[in-house]
Amino acid sequence: MKTMAKKRANGEGLIRQRKDGTWEGRYSIPGKATPKSVYGKTQAIVRKKLTAAIAGIDQGIYFEPSKITVAQWLDVWHKEYLGGVKPHTVSQYGTQIKVHLKPSLGAVKLQVLTAPMIQSMYNAKKDEISAKSIRNLHGVLHKALAQAVKLGYIRYNPSDACELPRVIDKPIKPIEGDNIAKFLNAIKGHRYEMLYLVTLFTGIRQGEALGLTWDDINFDSGTISINKQLQKERIDGGGGKYRFVPLKNDKSRIISPAAYVMDALHLYRKKQREAQLMAGGAWDNQLNLVFTDELGHHLYTQTVLMNFKKIVSRMGIPETRFHDLRHTYATLSLQNGDDIKTVSEALGHATVAFTLDVYGHVTQQMKKASAERMQAFIEAL
């Protein structure tokens, strides 16, 4: 039995069942006398491949499967198949393609790309980038090749057979013991004091803190809405503006900080209004940001980080990172009796399992301490 589809844009677009039971779709390319074919086990698969091929011809991005290189396909995939991906992530993919994938594999024909070729690239990268970065690189390449499989450019995804390096998580290093009081004392009067304090006692991410606006702060209910981040665009060659982007997990949340934090924010708002009066017409805080410089402009990530490193270095804990303020909050919360689900929601983690994976050692220490207290009670009977 033979089944034919109606004519489509830019070619015959014919579909027929072959003698062996598989299906074939034929389409023509302008300027080419011989039609091209796509194949599949079902009529639906072939129709999908055929539609994609013809659409590619219409859009001027069609390549003959036997001639397209990895570099050409990565460019097409990055431009045409990431419509539902966050702009910041698209930019990151573009950087990985430009810096790593195209120089290593770009000249290879897509149809002859093999798992050993890809594996060789990953192995060579071990001395250049971290295991986690290699896994991220694999994620980009795997997605691009998976789309090529869907379109019939290749029969299978060669990256499926690759072995990836094991990621060894670095132990978290929260600020502990007397260093917490020392840190609070060290930031007193610092221009970023309030930013560091809020981050320490809420556990919000840096981008979330920089992206806080005053309409996110509800002094009546004592809550803060975390619904966006302020991040710098990643553009090839440098540059890029700061702009609001969605949260890491697209997971908005409302947190309830300690009254101390809300009182400090209330006082800080008064000081910001005083700064606005002093700046006069030079004041520029159109985004209504909580944390700004003396003229109302947004803060710069690197400047915030650089100042933080100077503070902790003077304290004698130079290995402490800004992100460790978040770890400090989580550790303190757990040690003070907050359940893991509450802490996970406050941090904006995708799952409670992830929180347990990161802070499981803290809960284990708490269980051990609980057992020791129970033992002391029993011995005292």
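Residues numbered from 1 in each chain as written. Predicted model: local features only at pLDDT ≥ 70, side-chain atom pairs only at ≥ 80, totals over all residues. Heavy atoms only, no water.

### Some points on the overall build of the protein
Stated precisely, the cut-off is as follows: Each helix corresponds to a stretch of at least 4 residues labelled H or I by DSSP, and each strand to a stretch of at least 2 residues labelled E; elements are numbered beginning at the N terminus. Taken over C-alpha atoms, the radius of gyration is set against a globule rule of 2.2 Å times the number of residues to the power 0.38. Relative accessibility thresholds used throughout: buried, under 20% of the residue-type maximum; exposed, over 50%; partly exposed, between the two (1.4 Å probe, protein chains only). By the convention used here, residues are in contact when the closest approach between their heavy atoms is within 4.5 Å. Here the open area of atoms and residues is found with the Shrake-Rupley method and a 1.4 Å probe, where only the protein chains shown may cover a residue. For the purpose of charge, His is not counted, nor are the chain termini; Lys and Arg are scored as positive and Asp and Glu as negative. To locate a charge, take NZ of a lysine, CZ of an arginine, CG of an aspartate or CD of a glutamate.
Broken down by element type, the protein carries 13 helices and 8 strands. The C-alpha radius of gyration computed for the protein amounts to 28 Å, which surpasses the reference 21 Å derived for 381 residues by more than 25%, pointing to a less compact arrangement than a globule. Viewed in the frame of its principal axes, the protein has a C-alpha envelope of about 85 × 70 × 40 Å. Taken over 381 residues, the protein has a buried fraction of 42%. Here the analysis covers contacts within the protein between residues at least 6 apart in sequence; of these, 57% occur between residues at least 24 apart. Per element, the accessible surface of the protein, about 21,500 Å² overall, is 53% carbon and sulfur. Distance from the positive charge centre (55 side chains) to the negative charge centre (35 side chains) of the protein: 9 Å.

### What to know about the packing of helix 11 (residues 324–335) against helix 12 (residues 340–347)
Condition: Helix axes use the C-alpha atoms of the stretch in contact, all axes being lines fitted to C-alpha atoms, and the angles between their N-to-C directions lie in the range 0 to 180 degrees. When describing relative orientation, an angle under 35 degrees is termed roughly parallel and one over 145 degrees roughly antiparallel, while 65 to 115 degrees is termed roughly perpendicular and anything else oblique. The sense of a crossing depends on the near helix, which, turned anticlockwise from the far helix by less than a right angle, makes the crossing left-handed and, turned clockwise, makes it right-handed. Amino acids are sorted into nonpolar (Ala, Val, Leu, Ile, Met, Phe, Trp, Tyr, Cys and Pro), charged (Asp, Glu, Lys and Arg) and polar (every other residue, Gly among them).
One way to put it is that helix 11 packs onto helix 12 with a least axis distance of 10 Å and a crossing angle of 155°. What the angle tells us is that helix 11 and helix 12 run roughly antiparallel. Considering only the axes of helix 11 and helix 12, their crossing is right-handed. Facing helix 11, whose interface residues are R326, Y329, A330, S333 and L334, helix 12 presents I340, V343, A346 and L347. A class-by-class count of the residues in the contact of helix 11 with helix 12 yields 7 nonpolar, 1 polar and 1 charged.

### Focus: the pairing of strand 1 (residues 14–17)
Stated formally: Strands qualify as paired when DSSP identifies two bridges or more between them.
Summarising the sheet, strand 1 and strand 2 (residues 23–27) pair through 4 bridges and their orientation is antiparallel. In the sheet register, I15 faces strand 2, and the bridge partner there is G25. Hairpin connection, strand 1 to strand 2: the antiparallel pair is bridged by 5 residues, and G21 has positive phi, about 95°.

### Comments concerning a nonpolar patch on the surface
Short version of the rule: The residues that make up patches have over 30% relative accessible area and no salt bridge, and they are joined within 9 Å when like-charged or within 5 Å when they are Val, Leu, Ile, Met, Phe, Trp or Tyr. In what follows, salt bridge is the name for a side-chain nitrogen of Lys or Arg lying within 4 Å of a carboxyl oxygen of Asp or Glu.
A contiguous nonpolar surface patch, about 470 Å² in accessible area, is contributed by M374, F377, I378 and L381. With respect to the element layout, I378 can be found in helix 13 (residues 352–380).

### Re the sheet that holds strand 5 (residues 223–226)
Overall, antiparallel pairing links the 3 strands, which are arranged 4-5-8 in an open sheet. Every interior strand has two partners, whereas the edge strands, strand 4 (217–218) and strand 8 (253–255), have only one. The pairing of strand 5 with strand 8 spans 3 bridges and is antiparallel. In the strand pairing of strand 8, I224 is matched with I255.

### Describing helix 11
Residues spaced three or four apart along an α-helix point in a common direction, a consequence of the helix completing one turn every 3.6 residues. So the rule is basically this: Working rule for helices: expected span equals 1.5 Å times residues minus one.
Along its 12 residues, helix 11 runs 16 Å from first to last C-alpha, staying within 8% of the 16 Å computed at 1.5 Å per residue. All buried positions along helix 11 are accounted for by D324, L325, R326, H327, T328, Y329, A330, T331, S333 and L334. Among the residues trailing helix 11, G337 stands out with phi positive, at a value near 100°.

### Structural notes on the pattern of salt bridges
According to the stated counting rule, one finds 10 salt bridges in the structure shown. For R16, the salt bridge goes to E24, with nearest N and O atoms at 2.7 Å. A relative accessible area of 26% places R16 in the partly exposed class. Residue E128 pairs with K125 through a salt bridge whose shortest N-O separation is 3.4 Å.

### Side note on the side chain of T202
Cut-off, in case you're wondering: By the criterion applied in these results, polar contacts are pairs of N or O atoms within 3.5 Å in which, for protein atoms, one can donate a hydrogen and the other can accept it, and in which residues neighboring in sequence qualify only through two side-chain atoms.
Mapping T202 onto the fold places it in helix 7 (residues 193–202). Engagement of the side chain of T202 in a polar contact is seen with the backbone oxygen of V198, the distance being 2.6 Å. Those residues in contact with T202 that lie beyond four places of it in its chain are I255, P257, V261 and Y329.

### A few points about the confidence of the model for the protein
Threshold: You can read pLDDT as the predictor saying how much it trusts each residue, on a scale of 0 to 100.
Looking at the protein as a whole, the pLDDT averages 88, with 91% of positions reaching at least 70. Here residues 1–12 is modelled with pLDDT under 50, and outside its nearest four sequence neighbours on either side it reaches 30 contacts, counting other chains as well.

### Comments concerning the sheet that holds strand 1
Strand order in this open sheet of 3 strands is 1-2-3, and the pairing throughout is antiparallel. One side of each edge strand has no neighbouring strand; the edge strands of this open sheet are strand 1 and strand 3 (36–40). Across this sheet, the average inter-strand angle for adjacent strands is 25°, counted without regard to direction.

### With respect to the environment of G94
Among the secondary structure elements, G94 is positioned in helix 3 (residues 87–105). Residue G94 is classed as buried on the basis of its relative accessible area, which comes to 13%. Placed 16 residues apart in sequence, G94 and H78 show a C-alpha to C-alpha distance of 6.9 Å.

### Quick notes on unusual backbone geometry
One non-glycine residue, N288, lies in positive phi territory at about 60°. Structurally, the position occupied by N288 is in the loop between helix 9 (259–279) and helix 10 (301–315).

### Topic: the packing of helix 7 against helix 11
Orientation of helix 7 relative to helix 11, taken along the N-to-C sense of each, is 40°, at an axis distance of 6 Å. Put simply, helix 7 runs oblique to helix 11. Touching Y196, T199, L200, F201 and T202 of helix 7 are L325, T328 and Y329, all from helix 11. Of the residues belonging to the contact of helix 7 with helix 11, the class tally is 5 nonpolar, 3 polar and no charged.

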